[in-house]
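Residue-level structural notes
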Amino acid sequence: MRIVVNWSLCEGNGNCEAAAPELFQLDDDDQLTVLNENPPEELREKAEAAVRSCPKSALSIEE
Ligand code: SF4
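Let me begin by describing the structure that accompanies this report. What you see is a predicted model; the values in this text were computed from it and never measured. (Residues numbered from 1 in each chain as written. Predicted model: local features only at pLDDT ≥ 70, side-chain atom pairs only at ≥ 80, totals over all residues. Heavy atoms only, no water.)

Overview of the overall build of the protein
When helices and strands are tallied, the protein shows 2 helices and 4 strands. The order of α-helices and β-strands along the protein, N terminus first, is β-α-β-β-α-β. Structurally, the protein occupies a C-alpha span of about 30 × 20 × 15 Å along its principal axes. Residues counted as buried form 32% of the 63 residues belonging to the protein. Looking at the protein alone, contacts between residues at least 24 apart form 60% of all its contacts between residues at least 6 apart. A total accessible area of about 3,900 Å² is found for the protein, and carbon and sulfur atoms account for 42% of it. Positive and negative side-chain charges of the protein, numbering 5 and 14 respectively, have mean locations separated by a distance of 7 Å. (Helix = DSSP H or I, 4+ residues; strand = E, 2+ residues; numbered from the N terminus. Buried < 20%, exposed > 50% of the residue type's maximum accessible area, 1.4 Å probe, protein only. Contact = heavy atoms within 4.5 Å. Areas by Shrake-Rupley, 256 points an atom, 1.4 Å probe, with all protein chains shown as cover. Lys, Arg positive; Asp, Glu negative; His and termini not counted. Charge placed at Lys NZ, Arg CZ, Asp CG, Glu CD.)

Here is the structure:
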């Protein structure tokens, strides 16, 4: 799976980091970094939770 961020939608509020800190990290300027764009299957539930948590619908998962 691959995590895709629509950077034009992301507003850096960090819901995704709260849902999946293994995958997302916000810096002090609210700039998002995807820590692992190709997470292992074990993290699928967390990745999906992060996608659902994003208020801007900026995240998606491609297979
Ligand atoms: S939850 Fe969505 S809008 Fe917020 S930082 Fe994550 S990707 Fe960006």
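Structural notes on the nonpolar core
Membership of the largest hydrophobic core comes to 16 residues, with the highest contact counts inside it found for Ile3, Cys16, Leu23, Phe24, Leu32, Ala50 and Leu59. Elements that contribute at least two residues to this core include exactly strand E1 (2–5), strand E2 (24–26), strand E3 (32–34) and helix H2 (44–53). In this structure Leu59 touches Val4, Val5, Cys16, Phe24, Ala50, Val51 and Cys54, once residues within four positions along its chain are discounted. (Core = buried A, V, L, I, M, F, W, Y, C linked by side-chain atoms within 4.5 Å.)

A short note on unusual backbone geometry
If a residue is not glycine, its phi is most likely negative; likewise, a peptide bond is most likely trans. Phi at Asp30 takes a positive value of approximately 60°, unusual for a residue other than glycine. With respect to the secondary-structure elements, Asp30 resides in the loop between E2 and E3. According to the relative accessible area criterion, Asp30 is partly exposed, its value standing at 46%. Look at Ser57: it is not a glycine, yet its phi comes out positive at around 50°.

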